[in-house]
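Below, each chain spelled out in residue letters.
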Amino acid sequence: MANLLRQLIHVARHDGILSVVGKAWRRMAVNNGKNSYALWNKTYNTLSAEDTKSARIEIDGFTLRPVISILMPVYNVDEQWLRKAIDSVRSQIYENWELCIADDYSSKPHVRRILEENADADQRIKLAFRTENGHISAASNSALEIVTGDFTALMDHDDELAPEALYFVAKEINQHPVADIIYSDEDKIGERDHRFDPQFKPDWSPDLFYSVNFISHLIVYRSALLRQIGGFRVGYEGSQDYDLALRAIEKTQPENIHHIPRVLYHWRAIRGSVALASEEKPYAHERARAAINEHFERTGINAKSVRGVGQLHRVIHAPPTPPPVVSIIVYGATKTDTHLKETLKLNSSVYPTEMIVIPADDGNLEPAESKYARLNAAARHASGEVLCFVDGSTTQASDGWLDVLTGHTIQKNTGAVGARIIYPNKRIKHAGFILGLENGVGRPNHNALSTLPGLFRRLDLAQNFSAVSIDCLAIKKSVFDEIGGFDTGNFPNIYADVDLCLRLLEAGCRNVWTPWAQVVQPDDPKESVDELEILKKKWAGYFEHDPYYNPNLTLETEDLSLASPPRIAKV
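Because the structure is a prediction, the values reported are computed rather than measured. (Residues numbered from 1 in each chain as written. Predicted model: local features only at pLDDT ≥ 70, side-chain atom pairs only at ≥ 80, totals over all residues. Heavy atoms only, no water.)

**Examining the overall build of the chain**
In terms of regular secondary structure, the chain is built from 19 helices and 22 strands. Over its C-alpha atoms the chain spans a radius of gyration of 25 Å, differing by no more than 12% from the 25 Å that the globule rule assigns to 571 residues. Burial analysis of the chain (571 residues in total) assigns 59% to the buried set. Partitioning the intrachain contacts of the chain with sequence separation of at least 6 by distance along the chain shows that 78% fall at a separation of at least 24. Per element, the accessible surface of the chain, about 23500 Å² overall, is 50% carbon and sulfur. Between the centroid of the 63 positive side chains of the chain and the centroid of its 75 negative side chains there is a distance of 4 Å. (Helix = DSSP H or I, 4+ residues; strand = E, 2+ residues; numbered from the N terminus. Rg over C-alpha atoms; globule rule 2.2 N^0.38 Å. Buried < 20%, exposed > 50% of the residue type's maximum accessible area, 1.4 Å probe, protein only. Contact = heavy atoms within 4.5 Å. Areas by Shrake-Rupley, 256 points an atom, 1.4 Å probe, with all protein chains shown as cover. Lys, Arg positive; Asp, Glu negative; His and termini not counted. Charge placed at Lys NZ, Arg CZ, Asp CG, Glu CD.)

As structure tokens, this is what we get:
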């Protein structure tokens, strides 16, 4: 409790009282109640003796048994944490590993003693002793020099691996032999070995990655890839792992980045560590943004990473010259054109706009004039390079909302881009869709206060979703036309936006949701049971597993609480 209090005071000084409220809320949301993380972890996330036996039998049948090298730079770490870290590796169910440790010229004599003691006891432990202190990037490269395994896992000198960590990594490699990058879920571990603050991650989400380095623990690279990019770069200490990942993803394909939805890494949260408070090392976040900006330059993305909420990152896309015209298609409008332009703040946009207004449904429409049929017709008549659909009930829009949406939309391989939509009472109306939630199309964090960050801070981060809402959605007109627009035959009134987004995913595009474009709308859509059943039948795979929703989280409610049981087996 004392540690948490110190952490909250530190956050308040750096980021204000709202960040304090958010951090405390996140901790309580996951760690308290009848379905607390401690109880959940004991019930569903701890292997029994029988589970371990089954895992060993499976390992014996693996076609591939790659050597997995654990890369660990060490410097003046307390004896108890170093012993626990090494012990967690030596306790792995999967035994075909090597632990490559580079000591960065530690001044504390116990470090060398412990390292040599363990190396003498286990030949799989390999040591390198540096003759000068070069900090974490240089030390990591020294450890990389003695790596001989096909894959390399990164590990800090005071953290711990779950006993089954390398077993699941090896299993993933057997299932996906061409994988280049593999990452898992993680949690934190305190001074008394209590575990808390689990991070249940989505499958690969590049836009989320530009907001926060969510793949860092546990992360495993193909060793040849690490050598190809030259290992760690000196000068990025504090965010050397972020910089490494940014350069690595440039040399592989998204389909070769794999996620293991299991808590396999325990990040030690002690005083002075970033795990306890990200504000402990503010320079690390500046270096992260510098690394992201260099990645943008290398890959030809005209954007800049700046500080977002707290120490998170925000990407701002620069408009091209000349900027494309955006066709604003307003459905169900009851206001005059002039009033709509004022509400949507179109005159302040850096993008030229045209507005196409579809009047409110008077109840006398013919079947051929369904909502999405009318939107398709409007799209056909639009002259802009970008289409932006907005519900006519919108009463307010944030400054620059259209520039944010358009900036994301015009990027390569981007499909639909959705805004954060809130009710007038400042609660969340739309923050992306999750397939299968509440046995339908769910809205994560629905009705949560928009002033809070949401679980895992996801309400503060641009990220990818399988689908976003038509109530405020932007898409390139060329992409919209190529995909065939909205399917008005199957989804005339409700779910054509979801279907469109899923077709975009299948075509290799990614859909984006951003909190930096916000509109206020009062009304909820009316559901259609018939359309929902058609959608579920057509896209059964996404309803069984939405790639942007972790199977350890519930499908019963929209609050992202823990699933009991999870939708994955223990082994």
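**Here we look at the state of the cysteines**
According to the stated counting rule, one finds zero disulfides in the structure shown. The structure places no disulfide on cysteine 501, whose sulfur is separated from the nearest cysteine sulfur, that of cysteine 509, by 10 Å. Of the residues examined, cysteine 501 reaches a relative accessible area of 0% and is grouped as buried. In this structure cysteine 509 comes out as buried when scored by relative accessible area, which is 17%. (Disulfide = S-S within 2.5 Å.)

**Some thoughts on the environment of isoleucine 215**
Structurally, isoleucine 215 is set in the loop between helix H9 (206-209) and strand E8 (219-222). Residue isoleucine 215 is classed as buried on the basis of its relative accessible area, which comes to 1%.

**With respect to the packing of aromatic side chains**
Summed over the entire model, instances satisfying the criterion amount to 18 aromatic pairs. For the pair tryptophan 40 and phenylalanine 200, a centre-to-centre distance of 5.5 Å together with 70° between the ring planes defines the contact as edge-to-face. Separated by 160 residues along the polypeptide, tryptophan 40 in helix H3 (residues 37-44) and phenylalanine 200 in the loop between strand E7 (195-199) and H9 bring together distant segments of the chain. Grouping residues by exposure puts tryptophan 40 and phenylalanine 200 together as buried. Put simply, the rings of Tyr183, Trp204, Phe209, Tyr210, Phe214, Tyr242 and Phe296 pair up and form one aromatic cluster. The ring of phenylalanine 129 has arginine 112 sitting right over it, with the charged end atom 3.8 Å from the ring centre. (Phe/Tyr/Trp six-rings, centres within 6.5 Å; stacked < 30°, edge-to-face > 60°. Lys NZ or Arg CZ within 6 Å of the ring centre and 35° of its normal.)

**A short note on helix H18 (residues 529-538)**
Along H18, the positions that sit buried rather than exposed are Glu531, Leu532, Leu535 and Lys536. Considered in projection along H18, the buried side chains sweep an arc of 135° and stay on one side of the axis. Looking at H18, the residues exposed on the side facing more than 90 degrees away from the buried face are Val529, Asp530 and Lys537. (Arc of directions from axis to C-beta.)

**Notes on the packing of helix H5 (residues 79-90) against helix H6 (residues 109-121)**
For the pair H5 and H6, interaxial distance at closest approach is 10 Å and the crossing angle is 20°. The orientation of H5 with respect to H6, classified from their angle, is roughly parallel. As for the relative orientation of H5 and H6, their crossing is right-handed in sense. Contacts from Glu79, Leu82, Arg83, Ile86, Asp87 and Arg90 of H5 reach H6 at His110, Val111, Arg113, Ile114, Leu115, Glu117, Asn118 and Ala121. For the contact of H5 with H6, a count of residues per class yields six nonpolar, two polar and six charged. (Axes fitted to C-alpha atoms, helices over the stretch in contact; angles between N-to-C directions. Parallel < 35°, antiparallel > 145°, perpendicular 65-115°, else oblique. Left-handed = near helix turned anticlockwise from the far one by under 90°. Nonpolar A, V, L, I, M, F, W, Y, C, P; charged D, E, K, R; others polar.)

**Quick look at unusual backbone geometry**
Histidine 217 connects to leucine 218 through a cis peptide bond whose omega is -25°. Here leucine 218 lies in the loop between H9 and E8. Of the consecutive residues serine 564 and proline 565, the connecting peptide bond is found in the cis state with omega at 0°. In the Ramachandran plot, phenylalanine 456 falls in the positive-phi region, its phi being about 65° despite a non-glycine side chain. Tracing the backbone shows phenylalanine 456 in the loop between strand E19 (441-442) and strand E20 (463-465). Owing to a relative accessible area of 13%, phenylalanine 456 belongs among the buried residues under this scheme.

**Section: the confidence of the model for the chain**
Mean pLDDT for the chain: 92, with 91% of residues reaching 70 or above. Confidence drops under pLDDT 50 across residues 24-34; counting only partners more than four residues distant or on other chains, this segment forms 25 contacts. (pLDDT = per-residue confidence, 0-100.)

**Considerations on the pattern of salt bridges**
Evaluated as defined, the whole model comprises 34 salt bridges. Here glutamate 116 ties to arginine 112 by a salt bridge, and the two come within 3.0 Å at their closest N and O atoms. Of this pair, glutamate 116 and arginine 112 both sit in helix H6, separated by four residues, roughly a single helical turn. Judged by relative accessible area, which is 43%, arginine 112 ranks as partly exposed. The shortest N-O distance in the salt bridge between glutamate 286 and arginine 289 comes to 2.9 Å. (Salt bridge = Lys/Arg side-chain N within 4 Å of Asp/Glu carboxyl O.)

**Considerations on the nonpolar core**
Formed by 58 residues in total, the largest nonpolar core has its most connected members in Leu375, Phe389, Val441, Ile475, Phe486 and Val498. Here this core takes seven residues from helix H17 (residues 496-506), the largest share from any one element. Beyond its immediate chain neighbours, meaning those up to four positions away, isoleucine 475 contacts Val386, Leu387, Phe389, Thr409, Gly415, Phe480, Leu500 and Leu504. Counting 43 residues, the second-largest nonpolar core is a separate cluster that includes Ile114, Leu115, Ile125 and Phe151. (Core = buried A, V, L, I, M, F, W, Y, C linked by side-chain atoms within 4.5 Å.)

**Some words on a negative patch on the surface**
A cluster of acidic residues, Glu438, Glu527, Glu556 and Asp559, forms a negative patch at the surface. With respect to the secondary-structure elements, glutamate 556 resides in the segment after helix H19 (540-544). The exposure class of glutamate 556 is exposed, given its relative accessible area of 62%. (Patch = residues over 30% accessible without salt bridge, like charges linked within 9 Å, V, L, I, M, F, W, Y side chains within 5 Å.)

**Thoughts on the side chain of asparagine 293**
Looking at the secondary structure, you find asparagine 293 in helix H12 (residues 282-299). Overall, the relative accessible area of 18% leaves asparagine 293 in the buried class. Those residues within four positions of asparagine 293 in sequence are excluded, and the remaining contacts are Ala303, Lys304 and Ser305.

**Some thoughts on the pairing of strand E14 (residues 386-391)**
Counting buried positions along E14 yields six of six residues, so the element is predominantly enclosed. In this structure, strand E12 (residues 326-333) lies alongside E14, joined through six bridges in parallel fashion. Counted as the bridge partner of tyrosine 331 is aspartate 391 from E14. Here five bridges tie E14 to strand E21 (residues 472-476), and the two strands are oriented antiparallel to one another. The residue bridging valine 386 from the neighbouring strand is lysine 476, located in E21. (Pairing = 2+ DSSP bridges.)

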